[in-house]
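Fold and contact review
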Amino acid sequence: MQEVFYEESVSVHNEKPVRFRYRLFTIFGILFFLSAALALLFLWGLMFTPVGEDVELDVKTILLSMLPYVIMFVIMLAGGIFLFVKRHSFYVSYDYTFVSGELRISKVLHGRKRKLLYRISDEKYIKIGRVGSESYKKLKSSPDVKEDILTPNEEAAEDKEFYYVQAATNVGKKLLVLECRQELLANILRYTRRNLLESEFNRK
């Protein structure tokens, strides 16, 4: 059979709210880091404050007085790191790559970090159809099928639609929701040569 390669990407259509959340997390992350630095400064001051020779040091009291700043430092530092890492998750996109029978779906964070989510080989396809169809609704309500939405958008791009691919994965049956062109489905069907389409697919 002839080698087949087809690839599509889907990214956020409306970037305005995404940019706002990204900036918000960046600002709060900076504030958390500044608070951590302030707590560290207070700790430094407590540890190296000059003490008169006639003053008896109470180690327990000193440690207890330092504890709130230690806790503050840890919380603020962890919070800042979390916010700086999490801010990239708003700029999410997905790549759908079909290579001779195998559908590979990857998640990309801010164009930097790519994670392969699924590799669906020929024998693992179960059904393909449109999101919103009766077949889709039945599959979605089935307790042994878990849905995974693999698009960052609530509305499809002008030249694309929302489709589903039901497949057997390593973690059970999955209902994979994609935002793509019909060409992707056509390539899957052409290569598998099996009747995977839902019965009502062409009734639209």
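Cut-offs applied
- Residues numbered from 1 in each chain as written.
- Predicted model: local features only at pLDDT ≥ 70, side-chain atom pairs only at ≥ 80, totals over all residues.
- Heavy atoms only, no water.
- Helix = DSSP H or I, 4+ residues; strand = E, 2+ residues; numbered from the N terminus.
- Rg over C-alpha atoms; globule rule 2.2 N^0.38 Å.
- Buried < 20%, exposed > 50% of the residue type's maximum accessible area, 1.4 Å probe, protein only.
- Contact = heavy atoms within 4.5 Å.
- Areas by Shrake-Rupley, 256 points an atom, 1.4 Å probe, with all protein chains shown as cover.
- Lys, Arg positive; Asp, Glu negative; His and termini not counted.
- Charge placed at Lys NZ, Arg CZ, Asp CG, Glu CD.
- Phe/Tyr/Trp six-rings, centres within 6.5 Å; stacked < 30°, edge-to-face > 60°.
- Lys NZ or Arg CZ within 6 Å of the ring centre and 35° of its normal.
- 1 Å grid on protein atoms, 1.4 Å probe; cavity = no way out; pocket = protein on both sides within 12 Å on 5 of 7 lines; lining within 4 Å.
- Points joined across faces, edges and corners; volume = space filled by probe spheres on them.
- Nonpolar A, V, L, I, M, F, W, Y, C, P; charged D, E, K, R; others polar.
- pLDDT = per-residue confidence, 0-100.
- Pairing = 2+ DSSP bridges.
- Axes fitted to C-alpha atoms, helices over the stretch in contact; angles between N-to-C directions.

1. Regarding the overall build of the chain
A count of helices and strands for the chain gives four helices and eight strands. The linear arrangement of helices and strands in the chain, starting from the amino end, is β-α-α-β-β-β-β-α-β-β-β-α. Against the compact-globule benchmark of 17 Å for 204 residues, the chain has a radius of gyration of 26 Å, which places it well outside the compact range. Along the three orthogonal principal directions, the C-alpha set of the chain runs to about 90 × 35 × 35 Å. Across the 204 residues that make up the chain, the buried fraction comes to 38%. Sequence separation of at least 24 residues holds for 67% of the intrachain contacts in the chain that already meet a minimum separation of 6. Carbon and sulfur atoms make up 58% of the accessible area of the chain, which amounts to about 13,100 Å² in all. Between the centroid of the 30 positive side chains of the chain and the centroid of its 25 negative side chains there is a distance of 4 Å.

2. Some details on the packing of aromatic side chains
Summed over all chains, the structure comprises seven aromatic pairs. Centroid distance Tyr22 to Tyr91: 5.6 Å. Interplanar angle 80 degrees. Geometry classified as edge-to-face. Here Tyr91 lies in the loop between helix 2 (59–86) and strand 2 (92–99) and Tyr22 lies in helix 1 (residues 16–47), a separation of 69 residues in the sequence. As far as burial versus exposure is concerned, Tyr22 and Tyr91 are alike and both buried. The ring centre of Phe201 lies 4.2 Å from the NZ or CZ of Arg130, which sits over that ring.

3. Regarding the layout of surface pockets
Volume-wise, the largest pocket comes out at about 170 Å³. In terms of lining, the largest pocket is formed by Val12, His13, Asn14, Pro17, Val18, Arg21, Ser89, Phe90, Val92, Pro152, Asn153 and Glu154. In terms of residue count, the dominant contributor to the lining of the largest pocket is helix 1 (three residues). Split into classes, the residues belonging to the lining of the largest pocket amount to six nonpolar, four polar and two charged.

4. What about the confidence of the model for the chain?
Summarising the model, the chain shows a mean pLDDT of 88, and 90% of its residues fall at 70 or more. Of all the helices and strands in the chain, helix 2 carries the lowest mean pLDDT, 87, while strand 2 carries the highest, 95.

5. Let's talk about the sheet that holds strand 8 (residues 172–180)
Note: strands within a sheet are paired through backbone hydrogen bonds, in either parallel or antiparallel orientation. Read from one edge of the open sheet, four strands run 5-7-8-6, paired in mixed fashion. The open sheet is flanked by strand 5 (125–130) and strand 6 (145–149), the only strands paired with a single partner. Across the sheet, the axes of successive neighbouring strands diverge by a mean angle of 20 degrees, strand direction being ignored. In terms of strand pairing, strand 5 meets strand 7 (residues 161–169) through five bridges, oriented antiparallel. Within strand 7, the position partnered with Ile128 by the bridge is Val165. Across the sheet, helix 4 (residues 182–192) lies against strand 5, strand 7 and strand 8, angled at about 150 degrees from strand 5, the strand it touches most.

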